[in-house]
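These are the residues of each chain, in order.
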Amino acid sequence: MRFLDRLSDLGARPEDPHDERLRHGTLIFASMVITLISLTWVATYFAYGYPISAAIPALYQLTTVVGLVVLARTRRFGVFRTTQLLAFLVLPALLQASLGGFVASSAMILWAIFTPLAALALRGLRRSVVWLVAFFAELVVLAVLDPRLSKNPAALPTGFVITFFVLNVMGLTLSAYVMLGYFVEQRERARRALEAERERSERLLLNVLPEPIAERLKVRTGVIADHYDTVSVLFADLVGFTERSLIMAADELVALLDQIFSAFDRLADAEGVEKIKTIGDAYMVAGRVARATSRPPRGGRPHGARNA
């Protein structure tokens, strides 16, 4: 993911969100992987005397390199994305036709499957449908033309054809795995971010409201009013706090209040009383209104009141 982050900087603009930048990096990474794999096709087909077939993956390499240079200069990722999707769709079909059909080309059209998958990852479900339909149409056309194309197949060794078929499946699987891995990681990132945001929201809510009330507000809205026959309320105020605040630094003052109120919180939890709110240097709790699972206070006054 860190490598994809670095690749995403190649064509990203300052205003692009993080998610969009990662999409850029994923396509760039996949294009680079396929460009490297294409070296094998170019060298092999040229060595066996099929320069036209070798020129097709070479054309993809040239298209990718030029596209990356233009992307780095113009930051227009839409042009690079469309060019790559068209290359994924068209060039495998041309290579398969030049070699003489499905068998002789080791089913090179398999690489075109990457087109709707990449479009789904980059453009979303609705905009990727057209690429899926285009791939199916291309596949049908090749199937119809295959009897005619296979009449003059490329004279390649059987072992070579089988090996390239395995490599095609492995290469396509690797590319699809990268795209799927990106989305799994993105979903996990989004989940962690959502959990962190939920925890921050809950902490903020608990700073304003007692926990039982906050829990009920999260479940339903409306007026919340409970009746208790007898309750005990403690309102503790720090003596001399106003004078001390005039001579203490702000961070020291807040740290002091945090230390004192944190100790009060622990006492309130231990004694089973409910913290209502803090106002400046004041601390307010109520007894006999805590949740049923809380331990009732001992005696007439909570321990926190004696300490206060």
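Look up a bit, the structure's there.
All of these numbers come straight from a predicted model, not from anything done at the bench.

The rules behind each value
Residues numbered from 1 in each chain as written. Predicted model: local features only at pLDDT ≥ 70, side-chain atom pairs only at ≥ 80, totals over all residues. Heavy atoms only, no water. Core = buried A, V, L, I, M, F, W, Y, C linked by side-chain atoms within 4.5 Å. Buried < 20%, exposed > 50% of the residue type's maximum accessible area, 1.4 Å probe, protein only. Helix = DSSP H or I, 4+ residues; strand = E, 2+ residues; numbered from the N terminus. Contact = heavy atoms within 4.5 Å. Phe/Tyr/Trp six-rings, centres within 6.5 Å; stacked < 30°, edge-to-face > 60°. Pairing = 2+ DSSP bridges. Salt bridge = Lys/Arg side-chain N within 4 Å of Asp/Glu carboxyl O. Expected span 1.5 Å × (residues − 1). Axes fitted to C-alpha atoms, helices over the stretch in contact; angles between N-to-C directions. Polar contact = N/O pair within 3.5 Å; in protein donor to acceptor, adjacent residues only side chain to side chain.

Let us look at the nonpolar core. One broad rule of soluble globular proteins: the nonpolar side chains tend to lie buried together. With 40 residues, the main nonpolar core has Y45, F80, F88 and F114 as its most contacted residues. If you list the elements that add at least two residues to this core, you get α2 (18–47), α3 (51–74), α4 (77–99), α5 (114–123), α6 (125–149) and α7 (158–208). Here this core gets 10 residues from one element, more than from any other, and that element is α4. Dropping the residues within four chain positions of it, Y45 is found in contact with Y50, S53, A54, L95, L99, S105, M108, L156, F160 and F164.

This part takes up unusual backbone geometry. The phi angle of most residues is negative, glycine excepted, and most peptide bonds adopt the trans form. Here S106, not a glycine, exhibits a phi torsion of approximately 60 degrees, which is positive. One can find S106 in the loop between α4 and α5. On the accessibility criterion, S106 (3% relative accessible area) is buried.

What follows deals with the packing of aromatic side chains. This model, assessed by the stated rule, comprises 12 aromatic pairs. Arranged with centres 5.0 Å apart and planes meeting at 80 degrees, the rings of F264 and Y283 form a pair that is edge-to-face. Of this pair, F264 sits in helix α10 (residues 250–271) while Y283 sits in strand β3 (residues 282–287); the two residues are 19 residues apart in sequence, bridging distant segments of the chain.

Another point: the pairing of strand β2 (residues 274–279). Pairing of β2 with β3, which is carried by five bridges, proceeds in the antiparallel orientation. Residue pairing in the sheet places K277 in a bridge with M284 of β3. From the end of β2 to the start of β3, which pair antiparallel, there are two residues, and G280 there has a positive phi angle of about 60 degrees.

Attention now goes to the pattern of salt bridges. Going through the model one piece at a time under the given rule, you end up with five salt bridges. With a shortest N-O distance of 3.6 Å, E188 and R192 are connected by a salt bridge. In this pair, E188 and R192 both sit in helix α7, four residues apart, roughly one turn of the helix. The class for E188 is partly exposed, based on a relative accessible area of 28%. Residue D265 pairs with K275 through a salt bridge whose shortest N-O separation is 3.4 Å. Here D265, found in helix α10, pairs with K275, found in strand β2; they are 10 residues apart in sequence, far enough to count as distant. Overall, D265 belongs to the partly exposed group, its relative accessible area being 25%. By relative accessible area, K275 is classed as partly exposed at 28%.

Moving on, we get to the environment of V289. Among the structural elements, V289 can be located in the loop between β3 and α11 (303–307). On the accessibility criterion, V289 (18% relative accessible area) is buried. Separated by 73 residues in the primary sequence, V289 and R216 have C-alpha atoms spaced 15 Å apart. Aside from chain neighbours lying at most four places away, what touches V289 is Y228, V231 and E274.

Further remarks concern α7. The terminal C-alpha atoms of α7 lie 75 Å apart, and with 51 residues this matches the ideal 75 Å at 1.5 Å per residue to within 8%. Where α7 is concerned, the buried positions are F160, V161, F164, N168, G171, L172, S175, V178, M179, Y182 and Q186. The secondary structure elements touched by the buried residues of α7 are α2 and α5.

This part is about the pairing of β3. Burial analysis of β3 places five of its six residues in the buried class, the great majority of the element. Pairing geometry for strand β1 (residues 232–237) and β3, over six bridges, is antiparallel. Within β3, the residue paired with F235 across the bridge is M284.

All right, on to the environment of I213 then. When you line up the elements, I213 lands in helix α8 (residues 211–219). With relative accessibility at 23%, the residue I213 sits in the partly exposed group. Sequence separation of I213 and A225 is 12 residues, and the distance between their C-alpha atoms is 9.7 Å.

Here we take up α5. Counting buried positions along α5 yields seven of 10 residues, so the element is predominantly enclosed. Residues of α5 that are buried in the fold lie against α2, α4, α6 and α7.

Now for the sheet that holds β1. Strand order in the open sheet made by the three strands is β1-β3-β2, with antiparallel pairing throughout. Of all strands in the sheet, those with a lone pairing partner are β1 and β2, marking the two edges. Put simply, the sheet's adjacent strands are angled 15 degrees from each other on average, direction ignored.

What follows concerns the side chain of N168. Counting through the fold element by element, N168 comes out in helix α7. Polar side-chain contacts of N168 include one of 3.0 Å to the backbone oxygen of S106. Residues in contact with N168, not counting those within four places in the same chain, are W41, S105, S106, A107, M108 and W111.

By themselves, these are just geometric observations and shouldn't be taken as functional.
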